[in-house]
Amino acid sequence: MTQLFLPLCGACLALVFTSAAPPPTTQTAEVAIPDRCDGIEFDAITPDDQGKHLFFKDGFLWKGFRGPAQRVAQSFSDVGRVDAAFRMHRGGRTEDHDHVYLFQDEMVFRYFNQTLQDGFPKKVEQEFPGVPCHLDAAVECPKGECSADSVLFFKGSEVHHYDVATRTVKKKAWPQVPPCTSALRWMEHYYCFQGHNFTRFHPVSGVVVGAYPKDARPYFMTCPNFGHHGSGDHKLPLCSEVKLDAITSDDAGKTYFFTGSHYMRLDTSRDGMHAFPVNRMWPEVAGGVDAVFSYQDKMYFIKGDQVFIYLSGAHYTLIEGYPKTLQEELGVQGPVDAAFACLGDHTAHIIQGDQMKDVDLSATPRTVTKATTLRHDKVDAALCGPGGLKLFVGSTYYEYSATGGLGAGQVGSLPSPITPSMMACRRD
C-alpha cells in the first residue's frame with residue numbers, strides 16, 4: 001500500500017491512504033452504547049434523503065427522534081466518527097440534491113440512499129473551496145431562507161457561509177450564536193447545538209430571539225421525565241379524539257392543521273409531523289384560532305372579532321395595521337366557525353353555524369355577496385384544495401367536489417374518519 005503526504009484543506013497535513021478511505025478514529029467495539037437521554041453532546045445531526053433525522057455520537061447513530069443507537073458502520077460503512085453533516089438542498093439538480101454529506105477530519109463523504117457516491121471521499125477543500133477542515137457543524141440553507149442555496153459551516157466561533165452555485169465563501173462572526181457542536185435545519189428553523197442544549201438562530205443574520213439555550217431532550221427526542229414541546233415523551237392522541245379548529249393550504253402548497261394553541265404542518269412527512277405552539281410561527285396570535293384561510297400569498301387568521309393577516313413566506317410577517325375587526329375587514333359579525341378560499345378564486349367562504357356567507361375579496365369595501373344554508377349544522381374547519389373541498393366535523397370529514405354541493409337539500413357525502421396519514425394521531 002502506497003502512502004503519500006499531501007497538503008489538505010489549506011494548512012492541514014495528513015496521511016492519506018490512496019487505496020482505501022481513512023479508517024475510523026473511534027473503536028466503537030470498545031465503547032459502551034451511549035444513551036442520548038443522558039444529555040450527551042452530538043457530533044452531528046442531519047436529515048437523510050428520506051427525511052429521517054440522523055444523530056451522530058462517536059461511532060454511533062440514532063435514526064429519528066426515538067429508538068436505540070446503532071453503529072454508524074451499519075448504515076455508512078465507509079466512515080466511522082462524524083464531525084459534521086448536512087443534507088444538500090439544490091432543487092432541480094438531481095446530481096446532488098438531497099444527498100447527505102458526512103465530514104471526518106480533512107475528508108468529506110457524499111451518500112445517497114446510504115450509498116457512497118463515485119469519487120468520494122474527497123478532501124474538504126476540493127469539494128468546498130475555502131471551507132476549513134476539522135469542522136464542528138454544518139447545515140443547509142435553501143434559497144428563500146438564505147439569498148441563494150447555501151451551506152453554513154461552523155468552526156469555533158466562526159461561520160463560513162458557502163454559496164453552492166458560485167462556490168464562494170463569506171466568513172462571519174455571530175456573537176449571539178454559541179460555538180456549535182452540531183447544527184440542524186428543521187421546519188424552516190435553524191438550531192445550533194452546544195452539548196445537550198440548543199439555540200435557535202436566524203440563518204442570515206445570526207440573530208437569536210427568545211430565551212436560549214434550551215435543553216434538547218424535550219424537543220428533539222423521546223426521553224422519560226421530559227415534557228413535550230416538539231417530540232418529547234408526548235403520547236399521540238387517538239384519531240377518534242381529534243377535533244380541528246382550522247385548516248388551510250397556502251399558495252406554496254404547505255397545509256396547516258390548527259387545534260387548540262398548537263398547529264401542525266401536514267406536508268412535512270419527510271421531516272416528521274410535529275405539533276408546535278401557534279405563536280411560534282405567528283407570535284401576535286396568542287392561544288387558539290377560530291378559522292384560517294389563505295388568499296394571494298396571505299394567510300388570514302380569525303380569532304374572536306379580529307382578523308390578523310400575514311404575508312406568507314419562510315417567515316410569516318404580520319401586515320402593518322393589523323389586526324382589524326371582522327366587520328372592517330370582511331364585512332361580517334362574529335363568531336366564525338370555519339373559513340376557506342379556493343386557489344385562484346376571489347371569494348372567502350365564512351361559515352357560521354349552518355350558514356355560509358360568501359365575501360368578495362377583490363371588492364372594496366368587502367361585503368357579503370351570497371348566503372347559503374348548509375346541510376351541516378356545525379362545521380369545525382374547512383379546506384379547499386386541488387382534490388376538492390373537505391369539511392371537518394369532529395374527528396370526521398366530508399368531501400365535496402365544489403361549494404355548490406354544500407347546500408341543504410343537496411345529496412350529501414358520507415363522513416370519513418381522520419387517519420394517521422393525515423396527521424399525527426393513533427388508530428383506536
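To keep things clear, this report deals only with the structure shown in the data block.

Examining the packing of aromatic side chains
Aromatic ring pairs are reported here in terms of the distance separating the ring centres and the angle at which the planes meet.
Link 1 in the chain: Inspection of the entire model under this criterion finds 40 aromatic pairs.
Link 2 in the chain: An angle of 70° between the planes, with centres 5.0 Å apart, marks the rings of Tyr263 and Trp282 as edge-to-face. Of this pair, Tyr263 sits in strand β22 (residues 262-265) while Trp282 sits in the loop between α3 (278-281) and β24 (291-295), and the two are 19 residues apart along the sequence.
Link 3 in the chain: Classification of Tyr263 as buried rests on a relative accessible area of 3%.
Link 4 in the chain: Summarising the aromatic geometry, the rings of Phe301 and Tyr310 are spaced 5.5 Å apart at their centres and angled 75° between planes, so their arrangement reads as edge-to-face.
Link 5 in the chain: The class of Tyr310 is buried, set by a relative accessible area of 0%.
Link 6 in the chain: Here the aromatic residues Phe86, Tyr101, Phe103, Phe120, Phe128, Phe153 and Tyr162 are joined through ring pairs into a cluster of three or more.

What about the nonpolar core?
Link 1 in the chain: By size, the foremost hydrophobic cluster in this structure holds 71 residues, and its most contacted members are Phe154, Phe220, Phe258, Trp282, Phe293, Phe301 and Ile302.
Link 2 in the chain: Setting aside anything within four residues of it in sequence, one finds Ile302 in contact with Val289, Asp290, Ala291, Phe293, Val307, Leu326, Leu330, Val336, Ala339 and Ile350.
Link 3 in the chain: Counting 16 residues, the second-largest nonpolar core is a separate cluster that includes Met88, Tyr101, Phe120 and Leu135.

Regarding the side chain of Asp83
Link 1 in the chain: If you trace the backbone, Asp83 turns up in the loop between β6 (70-71) and β7 (84-87).
Link 2 in the chain: For Asp83, the side chain forms a polar contact with the main-chain nitrogen of Asp105, separated by 2.6 Å.
Link 3 in the chain: Once residues lying within four places of it in the same chain are set aside, the contact partners of Asp83 are Asp43, Ala44, Phe103, Gln104, Asp105, Leu135, Asp136, Ala137 and Thr181.

Let's talk about the pairing of strand β14 (residues 158-163)
Link 1 in the chain: In terms of burial, β14 is a largely internal element, 5 of the 6 residues being buried.
Link 2 in the chain: Note that strand β13 (residues 150-155) and β14 share 6 bridges and pair antiparallel. Bridge assignment links Phe153 to a residue of β14, and that residue is His160.
Link 3 in the chain: With antiparallel pairing between neighbouring strands as the criterion, β13 and β14 make up a hairpin whose turn holds 2 residues, including Gly156 at a positive phi of roughly 60°.
Link 4 in the chain: Pairing of β14 with strand β15 (residues 168-173) involves 6 bridges; the strand directions are antiparallel. Looking at the pairing, Asp163 lines up with Thr168 of β15.
Link 5 in the chain: Hairpin connection between β14 and β15: a loop of 4 residues separates the two successive antiparallel strands, and Arg167 in this loop has a positive phi of roughly 60°.

Some thoughts on the sheet that holds β22
Link 1 in the chain: A sheet is described by the order of its strands in space; here 4 strands give the open sequence β20-β21-β22-β23, paired in antiparallel fashion. The sheet is open, and its two borders are formed by β20 (246-249) and β23 (275-277), each paired with just one other strand. Direction aside, the axes of adjacent strands within the sheet are offset by 25° on average.
Link 2 in the chain: Of the strand pairs in this sheet, strand β21 (residues 255-259) and β22 are connected by 4 bridges, and their pairing is antiparallel. Within β22, the residue paired with Phe257 across the bridge is Met264.

Some words on empty space enclosed by the protein
Link 1 in the chain: All told, the structure shown has 3 cavities of 30 Å³ or more when counted by the stated rule.
Link 2 in the chain: There is about 40 Å³ of room inside the largest cavity.
Link 3 in the chain: Of all the secondary-structure elements, those providing two or more residues to the lining of the largest cavity are β3 (44-47), β7, β12 (137-141) and β16 (182-186).

Some words on the pattern of salt bridges
Link 1 in the chain: Per the stated rule, a full pass over the model turns up 17 salt bridges.
Link 2 in the chain: Among the salt bridges present, the one from Arg87 reaches Asp98, with a minimum N-O distance of 3.8 Å. Of this pair, Arg87 sits in strand β7 while Asp98 sits in the loop between β7 and β8 (100-104), and the two are 11 residues apart along the sequence.
Link 3 in the chain: Notably, a salt bridge pairs Lys390 with Glu399, separated by 3.6 Å at the nearest N-O pair.
Link 4 in the chain: Members of the salt-bridge network, linked through shared partners, are Arg87, Asp98, Glu140, Glu145 and Arg185.

Overview of the state of the cysteines
When the sulfur atoms of two cysteines share a covalent bond, that bond is a disulfide.
Link 1 in the chain: In this structure the tally under the stated criterion is 3 disulfides.
Link 2 in the chain: With a sulfur-sulfur separation of 2.0 Å, Cys342 is cross-linked through a disulfide to Cys384. Residues Cys342 and Cys384 are joined by a disulfide whose S-S torsion is about 105°; by sign, that bridge is right-handed. Of this pair, Cys342 sits in the loop between β29 (338-340) and β30 (347-352) while Cys384 sits in strand β33 (residues 381-385); the two residues are 42 residues apart in sequence, bridging distant segments of the chain. Take Cys342 and Cys384: they sit in the same class, and that class is buried.

Focus on the sheet that holds strand β36 (residues 416-417)
Link 1 in the chain: Strand order in the open sheet made by the 4 strands is β33-β34-β35-β36, with antiparallel pairing throughout. With one partner strand each, in any of the chains shown, β33 and β36 form the two edges of the open sheet.
Link 2 in the chain: As defined by bridge partners, strand β35 (residues 396-400) adjoins β36 across 2 bridges and the pair is classed as antiparallel. Looking across to β36, one finds that Tyr397 is bridged to Ser416.

Reading the values: the criteria
Throughout this description, residue numbers start from 1 for each chain and increase along the sequence as written. Totals for whole chains, interfaces and linings use every residue, but because this is a predicted model, local features are given only for residues with pLDDT of at least 70 and side-chain atom pairs only at 80 or more, for both listing and counting. For the side-chain quantities, the full set of heavy atoms in the structure was used; hydrogens and water were omitted. Note on aromatic pairs: the rings of Phe, Tyr and Trp (six-membered ring only in Trp) are paired at centre separations within 6.5 Å, and the planes decide the class, stacked below 30 degrees, edge-to-face beyond 60, tilted for the rest. A run of H or I in DSSP counts as a helix once it spans at least four residues, and a run of E counts as a strand once it spans at least two, with each numbered from the N terminus. Only protein chains enter the accessibility calculation, which uses a 1.4 Å probe; a residue is then buried when its area is under 20% of its type maximum, exposed when over 50%, and partly exposed in between. Among buried residues, the Ala, Val, Leu, Ile, Met, Phe, Trp, Tyr and Cys ones that are joined through side-chain atoms within 4.5 Å form a nonpolar core. Here a residue-residue contact requires only that any non-hydrogen atoms of the pair lie within 4.5 Å. Nitrogen and oxygen atoms within 3.5 Å of one another constitute a polar contact, given that in protein one can donate a hydrogen and the other can accept it, and given that sequence-neighbouring residues count only through two side-chain atoms. By the convention used here, strands pair only if DSSP detects at least 2 bridges between them. Between N-to-C directions, angles cover 0 to 180 degrees, with each direction set by a line fitted to C-alpha atoms, over the stretch in contact for helices. A cavity here means a set of points on a 1 Å grid, drawn over the protein atoms and nothing else, where a 1.4 Å probe fits but cannot get out; a pocket is an open set with protein on both sides within 12 Å along at least five of seven lines, and a residue lines either one if it has an atom within 4 Å of a point. Grid points are joined across faces, edges and corners, and a volume is the space filled by probe spheres set on the points. Salt bridges are counted wherever a side-chain nitrogen of Lys or Arg sits within 4 Å of a carboxyl oxygen of Asp or Glu. When the sulfur atoms of two cysteines come within 2.5 Å, that pair is taken as a disulfide.

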